[in-house]
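Tertiary structure, described
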Amino acid sequence: MRMYDIILKKRNGGELSDEEIKYFVEGYTHGQIPDYQASALMMAVYFRGMSSFETATLTKYMAQSGDMVDLSSIPGIKVDKHSTGGVGDKTTMVVAPIVASCGVPVAKMSGRGLGHTGGTLDKLESIPGFSTTISSERFVDIVKRIGLCIIGQTANLAPADKKLYALRDVTATVDNISLIAASIMSKKIAAGSDAILLDVKTGSGAFMKTIEDSIRLAQEMVAIGEHAGRKTVALITDMDKPLGKAIGNSLEVAEAVDTLNSHGPSDFTEICIHLAANMLYLAQKGSLEECMHLARQALASGAALEKFREMVISQGGDVTVIDKTALFRKAPISHVVKAKGSGWISSMNTEQCGIASVVLGAGRESKEDMIDHSAGIVLEVKPGDWVNEGDPLAVLYTSRENSVETAENILRKAISTSSERPPKKASIYARVSRDKVEMF
Ligand code: URA
């Protein structure tokens, strides 16, 4: 077999066989196929697309390119969750404890912030002492004992994806639905859970800007998951405004804890309940309606908060900051951004809100950057709110004095006002399962 022929076949619109895809993934992972041939193939895929068979096969070999996590010693149906990424997305810290407190084990590998989006690992690491680098044995032990553990991906999880993602990133071939679906699902399948709930974000802060594209991505991922024998469901949720009010690591942990205490923002709480209910449904805990009830009860009773505390203690974190979030280290500088006029908040460019938080130190501008866990933004308004001149729009937190002006300018441009009240938008648009798309 020759890589040249594989590229030529795809360039001419042909369908690659199982053997050809295997040859490419194994050869590229082991350094036998050079970057220039892999990038030519990625570009051919970008223009020609891939069939469902090709996408599922690419995913299978990418998943098998490294460790396949074995969770079989943990009793019960293990359900994973994946968000395609957003701004202020702290759902895992609420949803995973809800689900675990209902008796469904959650053995979760999470990611770090990428570009303008935050990552659960960075958020959890703002809890002093909290460790996300735990051996596989201890990871499984913690899940067996308390039903919940969240760690970083092991170094050898889907190495083919690591190489291919880095290549796509510099060859303008990231934004292809088949390649994104294969990339995400290869890691989820290798991570070993029996069922997978996907939270596909849509809007100005998400990878997918339109509901139609988000549904297409969700359908691809659900098909791949089911093909690999994992029950898979996706919710399409809103990322046209930041989720909740807090953007930035310890600020988001505090908001997640408020939500676990039943005092979180109502839109964010509602999304968490839906995500948790769908995970419970995948774990066969009852009908969707019964699972919604279970999820609400877990929040209201304090069981989910207690599960989160248990996880923090098991992973070495200082639980006193969870019991009293005011004890989180405070950023030395806080700055209130005030409205310069009156009107309705009509929209927020969510990507720009994320970028403003990165400028303040909450994210990384390059891979090597250190995160300032106390930096970020707390929004005082959201689309649909009325503001008068001088009202606070947001509070910026940082340790970098010289970042305040830039962040304020970015944020001001990101927030649009109007004399007309904007229509109320849904926070969940659709549910995609193996055989149907339900629009809400
Ligand atoms: N996230 C991933 O893990 N992979 C992609 O290709 C895009 C987003």
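For the structure, check the block above.
In short, a report on the structure. Please read these numbers as outputs of a predicted model, since none were measured by experiment.

Now for the site of the ligand. Near the ligand the following residues occur: Y165, R168, I180, S183, I184, K187 and F207. Contact between the ligand and R168: an oxygen atom at 2.9 Å from a side-chain N or O atom of the residue. Here S183 contributes a side-chain N or O atom positioned 2.6 Å from a nitrogen atom of the ligand. Look at the ligand: alone it shows 240 Å² of surface, and the protein chains cover 90% of it. Those elements that provide at least two residues to the shell around the ligand are α8 (159-169) and α9 (177-190). Broken down by element, the shell around the ligand gets its largest block of residues, 4 residues, from α9.

With that out of the way, let us pick up unusual backbone geometry. The phi angle at S262 is positive, at roughly 65°, despite the residue not being glycine. With respect to the helices, strands and loops of the structure, S262 is situated in the loop between α11 (249-260) and α12 (266-282). With relative accessibility at 46%, the residue S262 sits in the partly exposed group. For Q284, which is not glycine, the phi torsion reads 60° and is therefore positive.

This brings us to the sheet that holds strand β14 (residues 437-439). Strand order in the open sheet formed by 5 strands is β1-β4-β5-β13-β14, with mixed pairing between adjacent strands. The sheet is open, and its two borders are formed by β1 (79-83) and β14, each paired with just one other strand. For this sheet the average axis-to-axis angle between neighbouring strands, irrespective of direction, equals 15°. When strand β5 (residues 231-238) meets strand β13 (residues 428-432), the two strands line up antiparallel, connected through 4 bridges. Bridge pairing links L235 to R431 in β13. Contacts from α9 reach β1, β4 (195-202) and β5, with the element oriented near 155° to β1. Strands in contact with α12 are β1, β4, β5 and β13; relative to β5, the strand with the most contacts, it is inclined by about 170°.

Moving on: the packing of aromatic side chains. The description of two aromatic rings rests on the distance between their centres and on the angle between their planes. Under the defined criterion, the tally for this structure stands at 3 aromatic pairs. A ring pair is formed by F24 and Y28, whose centres lie 6.0 Å apart and whose planes are at 10°; its orientation type is stacked. With a gap of 4 residues between them, F24 and Y28 both fall in helix α2 (residues 18-29), about one helical turn apart. The same class applies to F24 as to Y28, namely buried. Aromatic side chains W344 and W386 sit 5.3 Å apart centroid to centroid with 75° between the ring planes, which places their arrangement in the edge-to-face category. Placement of the pair is W344 in strand β8 (residues 343-348) and W386 in strand β10 (residues 386-387), with a sequence separation of 42 residues. A relative accessible area of 17% places W344 in the buried class. For W386, a relative accessible area of 42% translates into the label partly exposed. The residue whose ring lies beneath K90 is F268, and the NZ or CZ to ring-centre distance is 5.2 Å. In this structure, K163 is placed above the aromatic ring of Y28, and the distance from its NZ or CZ to the ring centre is 4.4 Å.

Cut-offs used in this document
- Residues numbered from 1 in each chain as written.
- Predicted model: local features only at pLDDT ≥ 70, side-chain atom pairs only at ≥ 80, totals over all residues.
- Heavy atoms only, no water.
- Near = heavy atom within 4 Å.
- Polar contact = N/O pair within 3.5 Å; in protein donor to acceptor, adjacent residues only side chain to side chain.
- Areas by Shrake-Rupley, 256 points an atom, 1.4 Å probe, with all protein chains shown as cover.
- Helix = DSSP H or I, 4+ residues; strand = E, 2+ residues; numbered from the N terminus.
- Buried < 20%, exposed > 50% of the residue type's maximum accessible area, 1.4 Å probe, protein only.
- Pairing = 2+ DSSP bridges.
- Axes fitted to C-alpha atoms, helices over the stretch in contact; angles between N-to-C directions.
- Contact = heavy atoms within 4.5 Å.
- Phe/Tyr/Trp six-rings, centres within 6.5 Å; stacked < 30°, edge-to-face > 60°.
- Lys NZ or Arg CZ within 6 Å of the ring centre and 35° of its normal.

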